[in-house]
Amino acid sequence: MSELYEFDWSSIPGALPLLGKGLLITFEVTLTAIVVGIVWGTLLAIARISASKPLGFAAATYVNLFRSVPLVMVILWFYLIVPQVLKSIFGEGIADIRLASALCAFALFEAAYYSEIIRAGIQSVPRGQVSAAYALGLTHAQTMRLVILPQAFRNMLPLLLTQAIILFQDTSLVYVIGLSDFFGTAYKVGDRDGRLVELLLFAGLIYFIFCFSASQIVRRLQRRYAQ
Amino acid sequence: MAYNWNWSIFLSDTPAGDATYLGWLFTGLQWTVTLSLSAWLIALSVGSLFGVLRTVPNRGLALLGTTYVEIFRNVPLLVQLFIWYFVLPELLPRELGDAFKQLNPLLQQFLAAMVCLGLFTGARVSEQVRSGINSLPRGQKNAALALGLTLPQAYRYVMLPMAFRIIIPPLTSEFLNIFKNSAVATTIGLIELSRQAQQLVDYTAQPYEAFIAVTVMYLLINVTVMFLMRRVEVNARVPGYIGGSR
Amino acid sequence: MKILTTVAASLVAASLFSPAAFADELTGTLKKIKDTGSITLGHRESSIPFSYYDDQQQVIGYSQELMLKVVDAVKADLKLARLDTKLMPVTSANRISLVQNGTIDLECGSTTNNLERQKQVAFSNTIFVIGTRLMTRKDSGIKDFPDLAGKNVVTTAGTTSERLLRKMNEEKKLGMNIISAKDHGESFLTLETGRAVAFMMDDALLYGEMAKAKRASDWAVVGTPQSFEAYGCMLRKDDPAFKKLVDGALAKAMTSGEAEKVYNKWFQQPIPPKGLNLGFPLSDAMKAIYKAPSDKAFD
């Protein structure tokens with residue numbers, strides 16, 4: 001007898017508040033990583049193209065190290081280290097150590113990827129702009145801040161956003177440390193109710209809706225810039 | 001709390017008595033490499049096929065290609081893996097699903113991870129292939145057709161050989177990614193490198209040694225792949241293109 | 001702000017009770033609890049019926065109730081007006097290091113007291129005794145461990161069962177394919193979906209997993225126990241004052257019959273999430289530890 005699977009979606013409506021909470025964690029990790037990643041990534045990019053050799057070398061080592069190791073290992077590493085560091089700073093187990101570890105891991109990991117995008121963006125600004133800024137009497141820092149970075153960020157906005165979409169998907173890997181983000185919550189609810197099949201498909205659908213819409217927006221931006 | 005380093009832990013036997021802990025790590029390394037390479041074969045073939053489909057003058061085929069890419073690029077790899085491993089066997093007709101689930105568990109995990117990783121990366125490869133083909137001057141295709149080649153022949157003998165040589169750098173980075181992404185297979189229990197790292201932590205309570213050893217192994221994989229791909233790149237350079245002839 | 005109120009609360013507490021409370025100098029965990037006015041407890045997330053989340057994400061279970069009795073005793077002993085109880089979920093992989101590095105003060109869940117772990121942490125009086133056995137589908141034909149030869153068997157990573165199973169496989173050349181799942185939930189899923197014919201684990205936890213099953217009546221726990229193990233609460237090593245207090249509180253609960261009431265509630269009556277009665281009678285080993293509490297490991 002060949003019977004097909006009987007779907008039962010009834011456990012999803014009741015679990016929506018829990019899933020919503022999980023989604024908030026997912027957004028929290030994503031947004032923190034975008035903000036910290038871009039700021040720290042910009043500093044890394046500037047360090048890498050700076051005239052100072054040791055600074056450039058240190059930044060390059062950081063970026064290459066993070067880009068060579070799987071994200072799963074990075075998350076596991078941070079889950080090992082961050083609780084110890086938190087403890088030595090605050091003395092008490094005050095924070096949610098999983099969330100704290102995930103936030104640090106993603107922020108520092110994404111910075112490595114963002115810094116490569118930003119470096120390329122900075123290098124795409126014509127040299128003449130720099131010379132012109134210097135001729136106008138701007139200092140190096142002013143040139144960076146007022147002339148180069150604004151143009152660079154405009155050029156690389158689509159790439160930065162695409163990276164953000166990848167990041168949003170990658171946050172699901174906090175599963176390896178048991179943090180209840182959107183995916184972790186969906187898995188737990190599915191496990192609890194014995195309806196893993198439905199919950200996994202549902203999670204996939206939600207991720208698809210978010211990422212597909214976001215990527216359509218990015219595409220529209222790209223087209224507008226291309227004109 | 002002072003940490004007690006103990007690097008000799010790798011030489012001691014595991015409680016199961018089947019190997020040393022170092023032996024476990026090498027088993028993990030083998031699985032990581034085998035998984036990545038076999039998934040890469042799938043990614044290259046599927047990616048090329050769909051990349052080509054998206055450039056042919058047929059709306060149905062192009063739509064098929066686009067659908068594949070959009071689905072596989074917009075769902076997280078972890079979710080895709082769980083769907084392959086946990087969901088699909090349940091959705092298959094009962095006998096087929098059961099037959100799969102009676103296989104050796106390692107084989108099940110390996111197959112699910114290989115197909116998942118292969119199709120996931122394939123979607124990215126197909127984007128590169130498409131942009132490689134689109135970057136070729138239109139004249140190449142027209143010239144090939146004018147010479148009497150059929151469309152498949154034009155792809156086979158003129159456009160694809162050029163396109164592939166142009167997209168080797170982005171393909172290299174996808175190839176590196178597949179090794180890193182293979183670590184996701186840890187979540188379904190495949191004993192690849194990062195799973196072995198966690199297992200060592202469970203068994204020895206020496207997390208730093210285990211993590212450092214595994215991280216170094218990933219770095220070595222990275223360096224090796226980059227070295228090999230650099231040679232491929234040099235050999236495949238197209239004269240007249242940026243980074244082409246000296 | 002929170003730190004401020006905590007400090008204020010402990011100052012108030014100190015001024016109220018100073019002569020009696022400081023009669024003998026507090027050290028270690030007790031001092032920390034007194035100073036901060038809070039205690040951090042480690043719990044499990046899905047060790048049914050010992051320590052797990054209910055539908056409202058509240059931590060419940062046999063071990064959790066006993067742990068709260070210990071907290072009451074700590075509060076009474078330190079004469080604290082108010083004691084903040086912080087809960088932190090732990091896994092079998094990180095529970096020992098979290099106790100060691102001081103992130104959590106006490107963990108009562110389903111942790112086996114053994115000599116190897118005693119090198120790193122201290123254990124309280126035994127709170128439960130289990131045997132490691134098998135869960136299988138009633139019609140699978142599996143009666144005991146030798147029937148597993150050549151089959152797919154699942155167990156949870158990092159547990160004693162995993163070690164025993166691997167060792168047995170090597171020594172007796174059973175040719176089993178052993179699957180190490182991340183947690184008990186995943187192990188049971190592996191069994192329930194037909195990927196494994198049996199799940200080896202602590203018998204009480206096997207009954208607990210049954211409480212989640214779609215049809216509990218499909219499953220049976222079988223086989224000769226491969227080991228007997230004592231669950232204890234974990235606390236930091238070399239902290240005799242705290243250990244004495246914890247042991248004392250547990251011993252009082254056990255000898256007074258309170259612990260048996262807790263046992264009946266979790267093992268003989270319907271429990272969340274599905275209102276299943278585990279029907280797990282009080283074993284002779286359990287009666288013995290209730291009568292004469294002890295902190296000895298079984299290996």
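Residues numbered from 1 in each chain as written. Chains lettered and ligands numbered in written order. Predicted model: local features only at pLDDT ≥ 70, side-chain atom pairs only at ≥ 80, totals over all residues.

A tally of regular secondary structure across chain C gives 11 helices and 14 strands. Expressed as lengths along the three principal axes of its C-alpha atoms, the size of chain C is roughly 70 × 40 × 40 Å. Put simply, chain C has 299 residues, and 48% of those count as buried. Relative to all contacts within chain C whose residues are 6 or more apart in sequence, the contacts with residues 24 or more apart total 78%. (Helix = DSSP H or I, 4+ residues; strand = E, 2+ residues; numbered from the N terminus. Buried ≥ 20, exposed ≤ 12 C-beta atoms within 10 Å, placed from the backbone. Contact = placed C-beta atoms within 7 Å.)

So, on to the overall build of chain A. Looking only at helices and strands, chain A has eight helices and zero strands in total. What you see in chain A, going N to C, is helices and strands ordered as α-α-α-α-α-α-α-α. Dimensions along the principal axes, computed over C-alpha positions, put chain A at roughly 80 × 50 × 30 Å. Counting across all 227 residues of chain A, residues that qualify as buried make up 41%. Across chain A, every contact between residues at least 6 apart in sequence was considered, and the portion connecting residues at least 24 apart equals 72%.

Glancing now at the sheet that holds strand β3 (residues 51-53) of chain C. Strand order across the open sheet formed by three strands is β2-β3-β4 (chain C), with antiparallel pairing between neighbours. Unpaired on one side and paired on the other, β2 (46-47) and β4 (59-60) of chain C mark the two borders of the sheet. (Pairing = 2+ DSSP bridges.)

Each partner contributes residues to the interface: chain B has 16 residues there, and chain C has 19 residues. At the level of elements, α4 (94-102) and α9 (193-204) of chain B are the ones that each hand at least two residues to the side of chain B that touches chain C. No other element matches α9 of chain B, which puts four residues into the side of chain B that touches chain C. Tallied by class, the residues present in the side of chain B that touches chain C amount to six nonpolar, five polar and five charged. (Nonpolar A, V, L, I, M, F, W, Y, C, P; charged D, E, K, R; others polar.)

Moving on: helix α6 (residues 140-170) of chain A. Residues and elements named next belong to chain A. End to end, α6 covers just 36 Å across 31 residues, shorter than the expected 45 Å (1.5 Å per residue, more than 12% under). Maximal helix bending in α6 amounts to about 60 degrees, located at M156; proline P158 follows within four positions. Residues of α6 that are buried in the fold lie against α1 (11-48), α3 (71-90), α4 (97-123) and α8 (196-226). (Expected span 1.5 Å × (residues − 1). Bend = angle between axes of the 7 residues up to and from the residue.)

Residue and element names in this part refer to chain C. By domain assignment, chain C separates into domain 1 (2-129 + 230-291) and domain 2 (132-228). Relative to domain 2, the C-alpha centre of domain 1 lies at a distance of 29 Å. Contact with domain 1, which involves 17 residues of that partner, is made by 16 residues of domain 2. At the level of elements, β2 and β7 (122-137) are the ones that each hand at least two residues to the side of domain 1 that touches domain 2. Here the side of domain 1 that touches domain 2 is built from residues that sort into 11 nonpolar, five polar and one charged. (Domains from an automatic or database assignment.)

Look at the UniProt record and you will see "domain: Solute-binding protein family 3/N-terminal" (unreviewed entry) annotated at residues 38-270 of chain C. Annotated as 35% helix and 28% strand, the span residues 38-270 of chain C places its first and last C-alpha atoms 33 Å apart. (UniProt positions renumbered as here; feature names shortened; annotations may be inferred.)

Okay, the interface of chain A and chain B next. Interface size is commonly expressed as the accessible surface area that is lost when the partners come together. With 30 residues of chain A in contact, the opposing surface of chain B contributes 29 residues. The set of elements that each furnish at least two residues to the side of chain A that touches chain B consists of α3, α6 and α8 of chain A. Among the elements that take part in the side of chain A that touches chain B, α8 of chain A stands out by supplying 11 residues, more than any other. Classifying every residue of the side of chain A that touches chain B gives 22 nonpolar, six polar and two charged.

Moving on: the confidence of the model for chain C. In regions of low pLDDT, the predicted coordinates are not meant to be interpreted in detail. Residue and element names in this part refer to chain C. Across chain C, pLDDT averages 88, with 92% of residues at or above 70. For residues 11-23, every residue scores under 50 in pLDDT, and the model assigns this stretch seven contacts once sequence neighbours within four places are set aside. Model confidence for the complex: the whole-complex pTM is 0.85, and ipTM, which rates the interface, is 0.92. (pLDDT = per-residue confidence, 0-100.)

Right, let's talk about the UniProt feature "transmembrane region" (unreviewed entry) in chain A for a bit. Residues and elements named next belong to chain A. Within this numbering scheme, the UniProt entry marks residues 23-47, 59-82, 94-114, 159-179 and 199-218 as carrying the feature "transmembrane region" (unreviewed entry). Annotation note: span residues 23-47, helix share 100%, strand share 0%, distance between end C-alpha atoms 35 Å. Secondary structure content for residues 59-82 is 92% helix and 0% strand, and the end C-alpha separation is 22 Å.

Below, the discussion takes up unusual backbone geometry. Residues and elements named next belong to chain C. The amide bond that connects I48 to the next residue, P49, takes the cis arrangement and shows omega of 0 degrees. Mapped onto the secondary structure, P49 falls in the loop between β2 and β3. Even without being a glycine, K79 presents a positive backbone phi close to 50 degrees. Its place among the elements puts K79 in the loop between α3 (62-77) and β5 (84-89).

Next up on the list: helix α3 (residues 77-91) of chain B. With 15 residues, α3 of chain B extends 20 Å between its outermost C-alpha atoms, agreeing within 8% with the 21 Å of an ideal straight helix rising 1.5 Å per residue. Where α3 of chain B bends most, the angle comes to about 35 degrees, and this point is W84 of chain B. Every buried residue of α3 of chain B is accounted for by L77, L78, V79, Q80, L81, F82, W84, Y85, F86 and P89 of chain B. Buried residues belonging to α3 of chain B abut α7 (182-193) and α8 of chain A together with α4, α5 (105-135) and α8 (168-181) of chain B.

The next point concerns the nonpolar core. I75 of chain A, L81 and A113 of chain B together with V153, A198 and F199 of chain C are the most contacted members of the largest nonpolar core, which has 194 residues in total. By residue number, the principal contributor to this core is α4 of chain A, which donates 13 residues. Looking at which domains feed residues into this core, each of domain 1 (2-129 + 230-291) and domain 2 (132-228) of chain C supplies at least three. Not counting chain neighbours up to four residues away, the residues in contact with F199 of chain C comprise L134, M135, V154, T155, S187, F188, L191 and L206 of chain C. (Core = buried A, V, L, I, M, F, W, Y, C linked by C-beta atoms within 7 Å.)

Bringing the packing of helix α6 (residues 138-146) of chain B against helix α7 (residues 151-166) of chain B into the picture now. All names here are of chain B. Contact pair α6 / α7: the axes reach a minimum separation of 10 Å and the direction vectors enclose 160 degrees. If you check the angle between α6 and α7, you find them roughly antiparallel. Taken as a pair, α6 and α7 cross one another with a handedness that is right-handed. Taking contact as the criterion, the partners of Q140, K141, A144 and L145 in α6 are, on α7, A154, V158, M159 and M162. Residue classes in the contact of α6 with α7 are distributed as six nonpolar, one polar and one charged. (Axes fitted to C-alpha atoms, helices over the stretch in contact; angles between N-to-C directions. Parallel < 35°, antiparallel > 145°, perpendicular 65-115°, else oblique. Left-handed = near helix turned anticlockwise from the far one by under 90°.)

All names here are of chain C. Closest axis-to-axis distance for the α3/helix α9 (residues 240-255) pair is 9 Å, and the angle between their directions is 120 degrees. Comparing their axes, α9 and α3 come out oblique. In this structure, the crossing between α3 and α9 has a hand that is right-handed. For the pair α3 and α9, the contacting residues are L66, K69, V70, A73, V74 and D77 in the first and L245, V246, A249, L250 and A253 in the second. Split by residue class, the contact of α3 with α9 holds nine nonpolar, no polar and two charged.

Residue and element names in this part refer to chain C. Across the five residues of strand β10 (residues 198-202), five count as buried, placing the element largely inside the fold. Of the pairings in the sheet, the one linking β7 to β10 comprises five bridges and is antiparallel in character. Within β10, the residue paired with R133 across the bridge is M201. Relative to β10, strand β8 (residues 152-156) runs parallel, the two sharing three bridges. Bridging from a neighbouring strand, V153 pairs with A198 of β10.

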